[in-house]
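Examining the three-dimensional arrangement
So you can see what is in the structure, the chains are spelled out below.
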Amino acid sequence: MSNENINVALIGNPNVGKTSVFNALTGLNQQVGNYPGITVEKKVGFCKLPNHAKANILDLPGTYSLNASSMDENVVIELLLNKNDKLFPDVAVVVTDVENLKRNLLLFTQIKDLEIPVILAINMADRMAYKGISLDISHLEEQLNTKIALISTRKKQGIEELKQLIMSYKNLSTEPCLNASSMDPDYFGGLRKTFPNELVYKLWLVITQDVNFRGIEKKEILSEHRKSDSELKRMQQKETIKRYQFINDVLKVGQTIDKESARDFGTKLDRILTHKVWGYAIFFGILFLIFQSIFSWSEVPMDLIDSAFGWMSTAVQEHMPPGVLTDLISQGIIPGIGGIVIFIPQIAFLFLFISVLEESGYMSRVVFLMDKIMKRFGLSGKSVVPLISGVACAIPAIMATRNIENWKERLITILVTPFTTCSARLPVYTIIISLVIPDERVLGFLNIRGLMLMALYAAGFLMAIFAAYIFNKILKVTSKTYFVVEMPNYKLPLLRNVGINVVEKTKAFVVGAGKIILAISIVLWFLASYGPGDDFNNADKIVTAQISKSDAAVSQQELDGHIASYKLENSYLGIAGKVIEPVIKPLGYDWKIGIAVLSSFAAREVFVGTLATIYSVGETDEQDPIREKMAAERRPDGSKLFDLPTGISLLLFYAFAMQCASTLAIVKKETNSWKWPAIQFAIMSAVAYLAALTAYQFLQ
Amino acid sequence: MIQELIAFGILGVALLYLGRKFFYKKKKNNDNCGTDCGCG
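Since the structure is predicted, the reported quantities are computational estimates derived from the model, not experimental observations.

1. Remarks on the overall build of chain B
- When helices and strands are counted, chain B shows one helix and zero strands.
- The 40 residues of chain B split such that 20% are buried.
- When the accessible surface of chain B is totalled, it reaches about 3,200 Å², and 62% of it is carbon and sulfur.

Now the structure itself:
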């Protein structure tokens, strides 16, 4: 390698065709080796330029940004920081893909800020017409302060122009794209004072990436300019946001994508799936099919599980010696576990559909589609991701709000996400729907129960949107916002990925929730099986005396049932239920439902397990599935307890109530205050109570 | 008697688990750790 040759570094994101550019420039003049001390491949080539000039071309490992997360990426940063390295580039060629220019330009702006001459090579230019993309090169060159080569390695176009630009690299501007100091003027001002001869952006990379830089180490900088890891992370996020704001502004004029003139299959499909009428129709059609399938397909396995748990309770009761432990297992533990296991089929089907939608690339289209609606309610387009993923669980969904840059939009998204129907509500919904909604079809194929389930999901989503609108009016915070979403290519979902996703998420739900449900079931069983005073301890005598006084003829089985019911009413659990009964009676609930509502304030899914435990306490016939026990429950006047008004009231209560201690904890963590989870809990509980009250009083 | 002992033992474990789950707070082990780093 001659020292007189121009050193050129080829840098770019993975899969932008960087190696094709390297091959086009160097032909067969290549040397392949390793970087000293590490097993990262080093490819250097030799290229003849016009006017007998020569260049050494270095093909650097693909990297998305200068925020290194791998050894390969570290190589790029270390080289760009060390001017004494014999491979230090005289000019960097940042290779980008015309279809992903927005994402690719992030790396370009970072390299530009290192004040190295940079050429922007936009590859795959032959696909521009196919994709309906047009570029205003002179505008881009002016705004990015660089020279652009529009190339196509596949069609061998633009390579000579690129060589010409490399040759005249000395004419390139080294002005940075962004002023790094604007991230934190005081902090960067201090850095400049301590290291007056160094570029502050290089110092920033040393601090954040922990790379070697001419003897200056991270510790040395941080000893005088201390920042905690979380503060540094926040500043890095701010940097990325500023860069994307800059890129967006540049591309707003510099790049036009005319979807109408695009001719590829993906774009044609996009035209339908993101259409202002068909897009929504298809989306709601898909949702409709999902809810229909959840009900129809899981019916058989659910019945099997239900019967199996009933059989297990009976077997324990018959084969174990009589006693407290036998009763605890057969009436507390088995029904409690059964209350959650029974919903595995439905939850697995729900995750299966969500995984397929995500894997196929359709979910990003939904985000794009819904952005237009979201904006009207003061939410970011990115709020759609938490709202949709909230269908699985509110906890990861709330954590997913971290990529919403605007604090107000993020806070509103955090506050309204728990309205979205999470999987923990599914067990409550399905059991209540199966009790109060007839298993009938309209038009021969529409399952009414499936429609009801879909309506509840819609109610949760609409309430989230409505609450966002109100919060947007109340919260007075203004800040700039923008929306960037990348549309991945459509692909057939990989069976393996979908399978892993379904198994992992179902397991997390069952194991995570299952342990809590089991523990609560055990505690509830004790509370329902023990009580204070004579009423509980002498239940047998009191009930027998009452019956003999009334002269009514009852069988031994009926007598046992009356005694069990009397004992439950006077147990610790029964007393607690009676205390809250005046509050819940207007909603159509008796004290047993009240107990289930109360216990499920820790986690919604506990509701069914609690009812399963309550209805099993003192039961002699364990084989009755929980649904049948609930269906058989009667009010004192002999009418069905779980009728339509009570069922709808319960469904609405669970649709809107904030009954998840873990979600409240994560909201506290994300907002760093108890104020927001307290407000969220109060508002959601009030909305739930009012909705349930209105529904019951209206339908009664 | 033995059944009662085991049953109340199970109750104790269940209460302990619920207490740890909802009331016990892990102590932070890193002074540099902020509220959003997920290491608390």
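Further notes follow.
2. A few points about the overall build of chain A
- For chain A, the helix and strand inventory stands at 31 helices and 11 strands.
- Within chain A, counting contacts between residues at least 6 apart in sequence, those at least 24 apart form 72% of the total.
- Accessible surface, chain A: about 31,400 Å² in total, of which carbon and sulfur atoms supply 58%.

3. Considering the environment of T326 of chain A
- Residue position: T326 of chain A is located in helix α13 (residues 324–341).
- Given the relative accessible area of 0%, T326 of chain A is considered buried.
- Sequence spacing of T326 of chain A and V316 of chain A is 10 residues, and the spatial spacing of their C-alpha atoms is 6.8 Å.
- Excluding its chain neighbours within four sequence positions, the residues that come into contact with T326 of chain A are V316, Q317, M320 and P321 of chain A together with Q3 of chain B.

4. Examining the nonpolar core
Residue and element names in this part refer to chain A.
- Grouped together as the largest cluster of nonpolar side chains are 122 residues, with contacts concentrated most on I432, F607 and F642.
- For this core, the element with the most residues is helix α21 (residues 495–529), which contributes 12 residues.
- There are two domains that each give this core at least three residues, and those are domain 2 (278–474) and domain 3 (515–699).
- Once you skip the residues sitting within four places of it in the chain, F642 turns out to touch I432, L435, V436, I593, L611, Y615, M630, E633 and L650.

5. A few points about a nonpolar patch on the surface
All names here are of chain A.
- There is a patch of nonpolar side chains on the surface, built from V442, L443, F445 and L451 and spanning about 400 Å² of accessible area.
- Turning to its location among the elements, L443 is positioned in the loop between β10 (441–442) and β11 (446–447).
- Given the relative accessible area of 73%, L443 is considered exposed.

6. A short note on the packing of helix α7 (residues 185–194) of chain A against helix α8 (residues 200–209) of chain A
All names here are of chain A.
- In contact at an axis separation of 10 Å, α7 and α8 are set at 105° when each is read in the N-to-C sense. Looking at the two axes, α7 sits roughly perpendicular to α8. Here Y187, F188, L191 and R192 of α7 come into contact with α8, specifically with V200, L203, W204 and I207.
- Class assignment of the residues belonging to the contact of α7 with α8 gives a composition of seven nonpolar, no polar and one charged.

7. Points about the pairing of strand β5 (residues 91–97) of chain A
Residues and elements named next belong to chain A.
- The element β5 is extensively covered by neighbouring structure, given that seven of its seven residues are classed as buried.
- Side chains V91, V93, V95 and D97 project from β5 onto one buried face, and the interleaved A92, V94 and T96 project onto a second face that is buried too.
- Of the strand pairs in this sheet, strand β1 (residues 6–12) and β5 are connected by five bridges, and their pairing is parallel. Directly across from V8, in β5, lies its bridge partner V91.
- Relative to strand β6 (residues 118–123), β5 runs parallel, the two sharing six bridges. From the neighbouring strand, A92 faces β6, where its bridge partner is V118.
- The parallel pair β5 and β6, bridged by helix α3 (residues 101–112), forms a crossover whose chirality is right-handed.

8. Brief notes about the pattern of salt bridges
All names here are of chain A.
- Tallied over the entire structure, the rule returns 12 salt bridges over all chains.
- When the shortest N-O distance is used, the salt bridge between E99 and K131 registers 3.6 Å. Of this pair, E99 sits in the loop between β5 and α3 while K131 sits in helix α4 (residues 128–131), and the two are 32 residues apart along the sequence.
- Residue E99 is classed as partly exposed on the basis of its relative accessible area of 27%.
- Of the residues examined, K131 reaches a relative accessible area of 15% and is grouped as buried.
- Bridged by salt links that share partners, the residues K18, K43 and D59 form one connected network.

9. A few points about the side chain of Q680 of chain A
- Looking at where Q680 of chain A falls in the secondary structure, it is placed in helix α31 (residues 675–699).
- Q680 of chain A has contacts with I414, L415, P418, M658, L664 and V667 of chain A, leaving out every residue within four places of it along the chain.

10. Concerning helix α1 (residues 18–26) of chain A
Residue and element names in this part refer to chain A.
- Residues K18, V21, F22, L25 and T26 constitute the buried set of α1. The arc enclosing the buried residues of α1, seen along the axis, measures out at 115°, which places them on a common side.
- Downstream of α1 by one or two residues, G27 has phi in the positive range, about 60°.

11. Some details on helix α14 (residues 344–360) of chain A
- Between its first and last C-alpha atoms α14 of chain A spans 24 Å; for 17 residues at 1.5 Å apiece the expected length is 24 Å, and the two agree.
- Buried within α14 of chain A are the following residues: P345, Q346, I347, L350, F351, F353, I354, S355, L357, E359 and S360 of chain A.

12. A closer look at the confidence of the model for chain B
- When pLDDT is averaged across chain B, the result is 68; 55% of the residues are at 70 or more.
- Across residues 28–40 of chain B the pLDDT falls below 50, and counting only partners more than four positions away or on other chains, this stretch makes 22 contacts in the model.

13. Concerning the packing of aromatic side chains
- As enumerated under the stated definition, the model contains 13 aromatic pairs over all chains in all.
- Geometrically, the ring pair formed by Y530 of chain A and F8 of chain B is tilted, given 5.7 Å between the ring centres and 55° between the ring planes. One end of the pair, Y530 of chain A, is in the loop between α21 and α22 (533–537); the other, F8 of chain B, is in helix α1 (residues 2–22), on a second chain.
- Considering the side-chain rings of F653 of chain A and Y654 of chain A, the 5.8 Å spacing of their centres and the 75° angle between planes classify their relative orientation as edge-to-face. Across this residue pair, the class does not change: F653 of chain A and Y654 of chain A are buried.
- Members of the aromatic cluster, connected to one another through ring pairs, are W525, F526 and Y530 of chain A together with F8 of chain B.

14. Quick notes on the environment of Q331 of chain A
Residue and element names in this part refer to chain A.
- Note on placement: Q331 falls in helix α13.
- Considered as a pair, Q331 and V316 are 15 residues apart in the sequence and their alpha carbons are 9.7 Å apart.
- Reaching out from Q331, the side chain makes a polar contact with the side chain of W525 at a distance of 3.4 Å.

15. As for unusual backbone geometry
All names here are of chain A.
- Of note in this structure, N51 is not a glycine but carries a positive phi near 60°.
- Tracing the chain through its elements places N51 in the loop between β3 (41–48) and β4 (54–59).
- Backbone geometry at N145 places phi at a positive 55°, although glycine is not the residue there.
- Turning to its location among the elements, N145 is positioned in the loop between α5 (137–144) and β8 (147–150).

Basis of the calculations
Residues numbered from 1 in each chain as written. Chains lettered and ligands numbered in written order. Predicted model: local features only at pLDDT ≥ 70, side-chain atom pairs only at ≥ 80, totals over all residues. Heavy atoms only, no water. Helix = DSSP H or I, 4+ residues; strand = E, 2+ residues; numbered from the N terminus. Buried < 20%, exposed > 50% of the residue type's maximum accessible area, 1.4 Å probe, protein only. Areas by Shrake-Rupley, 256 points an atom, 1.4 Å probe, with all protein chains shown as cover. Contact = heavy atoms within 4.5 Å. Core = buried A, V, L, I, M, F, W, Y, C linked by side-chain atoms within 4.5 Å. Domains from an automatic or database assignment. Patch = residues over 30% accessible without salt bridge, like charges linked within 9 Å, V, L, I, M, F, W, Y side chains within 5 Å. Salt bridge = Lys/Arg side-chain N within 4 Å of Asp/Glu carboxyl O. Axes fitted to C-alpha atoms, helices over the stretch in contact; angles between N-to-C directions. Parallel < 35°, antiparallel > 145°, perpendicular 65-115°, else oblique. Nonpolar A, V, L, I, M, F, W, Y, C, P; charged D, E, K, R; others polar. Pairing = 2+ DSSP bridges. Right-handed = clockwise from strand over helix to strand, strands pointing away. Arc of directions from axis to C-beta. Expected span 1.5 Å × (residues − 1). pLDDT = per-residue confidence, 0-100. Phe/Tyr/Trp six-rings, centres within 6.5 Å; stacked < 30°, edge-to-face > 60°. Polar contact = N/O pair within 3.5 Å; in protein donor to acceptor, adjacent residues only side chain to side chain.

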